[in-house]
Every structure is written in structure tokens, then in C-alpha cells.
Amino acid sequence: MDRRIPVADRTGQRIVAETARRSENRYGNRPTMKDVAARAGVGLKTVSRVVNGEPGVTPDTERRVQEAIDALGFRRNDSARVLRKGSTASIGLVLEDLADPFYGPLSRSVEEVARAHGALLINGSSAEDPEREQELVLALCARRVDGLVVIPAGDDHRYLEPEIKAGVATVFVDRPAGKIDADVVLSDSFGGAREGVAHLIAHGHRRIGFIGDMPRIHTAAERLRGYRAAMEDAGIPVEDAWMSLGVTDPRRVRKAAEDMLSGPAPVTAVFAGNNRVTVTVVRVIAERGRPVALVGFDDIELADLLQPGVTVVAQDAAALGRTAAERLFRQLDGSLVTPERIELPTRLITRGSGELPPAD
């Protein structure tokens, strides 16, 4: 029934205006299988068979049903199918920051594996906030995703134990889970940092600065450990002023770099703990006009076009995502039982900045 609303015209007389019929509402109800059946002149069961690709429908009837589907814009509602099968054919991916270039190829690889298994990928960002991570993970579980690939922000993942016991496949990437036993796929942060710093030492540097992410983050702690190990291997004592860990905000990183590059005995080289740190350090060095050697962990866009090119310890982000997703689906098909830790190698790419000799 149409609703009628009184409105006043310019003369003050009252007129009656009809609201648009519900069928004209751009946000009207979605067409149902009943609508398709009515338009095609068939029963609900026939529409169901066509929609689900089941046998028992003549070609002419199938054509009429498909024409009705196309005309109405009908889309299958998978909710009932989920209830019947207990599977949503979807997985969740929780990243640190969707805007970080490192996560682009990682996310794409997870999506490609998911698509190959007929699954939909749902992305979310924790913004490096443990509470937001937990909120997002549990929201995905509430939507009954079949599995999760998580780059953790927190260090306590016991909140996930009930979900894992209930059958939600889970793989952690880039950093291990905290206080639970779970699959994890990592890059060799310790070995990569050790190699990168050793490379600077091999080119004559002894005063080498390290600027990294927050120390509670696994990768930051591992890269700092690799830096210290390389310096110790070379018999070089490390001064506190040469190390700075904290948020990767450009202002914080800029101040750390400027402090290390100032004073009577500044560092002659910098090892940058991730791609965001590297970008800021490149800017600081360019502004100072004095050659400073630099090796960054993670590759950055246009690193080979700068002068000099930026030497980096590169991770294979795509391989991280692909390996994690493949393990996730092996969990789902029941072929994996015992959680494992998989560590992928890094690669030193020399482009010029890491091969500069000390300026003094």
C-alpha cells in the first residue's frame, strides 16, 4: 500500500503527494528465488537446481530461468548454503597497514592462492594496535571465515584458542604468534640484518647506526639482534647513541638520523630497519650533502634510480604470502596437523649506497 504524505503548496492549500513505490526505490529489496520462479514460470526447486548447477532441468527450462535471473539481477544468497555445509569459502587476512608497499605483493599472493581454491579474501588492518587486531580477528571469526592469515600486532594470541579449536585454520606471517602454538612463516630478519651490517663493515665502516621499529615488534628485535651480532663478529663495540628504536613516524626517524650524523664523531653508515625508515633516512642524507653509506631492510620503490642506488636486504613478500596461504589451505583439507615455523631467506641487493667508503 502506498503511503500518502500531506504537503503545502505555495498558496497554502494542502495537496497530497504519493511517495515512490517500493519497486522504484533504488535501495529496494533484492530479487529472490521466488521472483525468479514467478518470472520464469517454474517452481522454486527448478530455480534452485539451475542456480546450484544441479542436473534434472531441460535446456529450454534452464534458458528461461537464466533469462529471468539476468533480467532481475538475481544473486545467490550463500547464507543458507553456509548453514548447510558449515563453510563460507572465505578467509581473512589481517595486515599491519594496508598502505605499506610491503604488504601489496603479500596480500596479492594470498588472494591468488585463495582464488585458486575458490575462496574469497577479506582484508583488514590492525594499524599495529593489539586491541584492534583482536577486534578485527574476532569479527572475521564471527562472520565464519574458514581461515585466517594474521600479521600480528600483539604478543598474546590466547584469545584465538577457542576459534582454532572450533576449526578455524590459522597461519601467522612475518611475526610469530604469542603464547599459542601456531603455524608461522617468517623472513630471516636476524640473518638478513647481520649480512647487511657485515657488508657495511666490509667496506670499512666501524661507526654504524641502527634505526628500527618499536622493540616489542618481533622483526625489529630480530634485526637489532642481527646488527649487534655483526658488530660483535667484527670486534666493534656498539655505543648506545648509535641505536634508535621506536615508531617509524618520519619526525622520529629524522631526529634519530640527524642526531647520529651530527657531533664530533658521527656514524659513517646507517642500517635502516625497514622500508619506511629507509625512505626518511634517504631524505636526511640527501639534505646534508655529505656521503653516508646506507643499507635498508626491505626494498623500496625507485631504489635503483636514486644516485647512488640504495643497497637493501630484500624480503620476498610474495613468497611469504603464498607460503602462508598454501599452508592455510593444507590445514583446511586436513593434511597438516603439527604447527611449523618456516623461515624464508633474504637477499642482499647491492646498488651503490652500501658500498660507499667512510667519509673520514
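Counting restarts for each chain: residues are numbered from 1 in the order of the written sequence. For a predicted model such as this one, the threshold for reporting local features is a pLDDT of at least 70, and the threshold for listing and counting side-chain atom pairs is 80 or more; totals across whole chains, interfaces and linings nevertheless cover every residue. Where side-chain values are given, they derive from all heavy atoms of the structure, hydrogens and water being excluded.

- Taking an unreviewed UniProt entry as the reference, the chain is identified by name as LacI family DNA-binding transcriptional regulator belonging to Streptomyces lutosisoli.

1. Topic: the packing of aromatic side chains
Here comes step 1: Any two rings among Phe, Tyr and Trp, with Trp reduced to its six-membered ring, count as a pair given centres within 6.5 Å; such a pair is stacked if its planes are under 30 degrees apart, edge-to-face if over 60, and tilted if neither. Enumeration over the complete set of coordinates arrives at three aromatic pairs.
Here comes step 2: Seen in terms of ring centroids, Phe-102 and Tyr-103 are 5.1 Å apart; in terms of plane orientation they differ by 75°. Their pairing is edge-to-face.
Here comes step 3: A simple rule labels every residue: compare its accessible area, found with a 1.4 Å probe on the protein chains alone, to the largest value its type can have, and call it buried under 20%, exposed over 50%, or partly exposed in between. The exposure class of Phe-102 is buried, given its relative accessible area of 10%.
Here comes step 4: Ring centres of Phe-210 and Phe-271 lie 6.1 Å apart, and the angle between their planes is 15°; on these two criteria the pair is classed as stacked. Placement of Phe-210 in strand 8 (residues 208-212) and of Phe-271 in strand 10 (residues 269-272) is noted, with a sequence separation of 61 residues between them.
Here comes step 5: For Phe-271, a relative accessible area of 0% translates into the label buried.
Here comes step 6: Counting every residue linked through ring pairs, the aromatic cluster contains Phe-210, Tyr-227 and Phe-271.
Here comes step 7: A ring is considered to have a charge above it if a Lys NZ or an Arg CZ atom is located within 6 Å of its centre and within 35 degrees of its normal. The cationic tip of Arg-223 hangs over the ring face of Phe-297; the distance from NZ or CZ to the ring centre is 3.8 Å.
Here comes step 8: Over the ring of Phe-190 we find Arg-225, and its NZ or CZ is 3.9 Å from the ring centre. The numbering of helices and of strands both runs from the N terminus, where a helix is a DSSP run of H or I of at least 4 residues and a strand a run of E of at least 2.

2. Overview of the pattern of salt bridges
Here comes step 1: Salt bridges are defined by distance alone: a side-chain nitrogen of Lys or Arg within 4 Å of a carboxyl oxygen of Asp or Glu. Summed over all chains, the structure comprises 22 salt bridges.
Here comes step 2: A salt bridge links Glu-96 to Arg-276; the nearest nitrogen and oxygen atoms lie 3.2 Å apart. Taken together, the residues span a long stretch of sequence, with Glu-96 in the loop between strand 3 (90-95) and helix 5 (103-116) and Arg-276 in helix 11 (residues 275-288) at a distance of 180 residues.
Here comes step 3: Looking at Glu-96, the relative accessible area reads 7%, which means it is buried.
Here comes step 4: In this structure, Arg-341 engages Glu-343 in a salt bridge whose closest nitrogen and oxygen atoms are separated by 3.8 Å.

3. Quick word on the environment of Gln-331
Here comes step 1: Summarising the element assignment, Gln-331 is placed in helix 12 (residues 317-332).
Here comes step 2: Sequence-wise, Gln-331 and Val-168 are 163 residues apart; in three dimensions their C-alpha atoms are separated by 9.2 Å.
Here comes step 3: Note on contacts: a residue pair is in contact if any heavy atoms of the two residues lie within 4.5 Å. Setting aside residues no more than four positions away along its own chain, Gln-331 makes contact with Ala-169, Thr-170, Val-171, Asp-183 and Leu-336.

4. Here we look at the pairing of strand 10
Here comes step 1: Of the two faces of strand 10, both are covered, the one formed by Ala-269 and Phe-271 as well as the one formed by Val-270 and Ala-272.
Here comes step 2: Sheet topology places strand 8 next to strand 10; four bridges connect them, and they run parallel. Note on strand 10: the bridge partner recorded for Phe-210 is Phe-271.
Here comes step 3: Of the strand pairs in this sheet, strand 10 and strand 11 (residues 293-297) are connected by four bridges, and their pairing is parallel. Two strands pair if DSSP finds at least two bridges between them.

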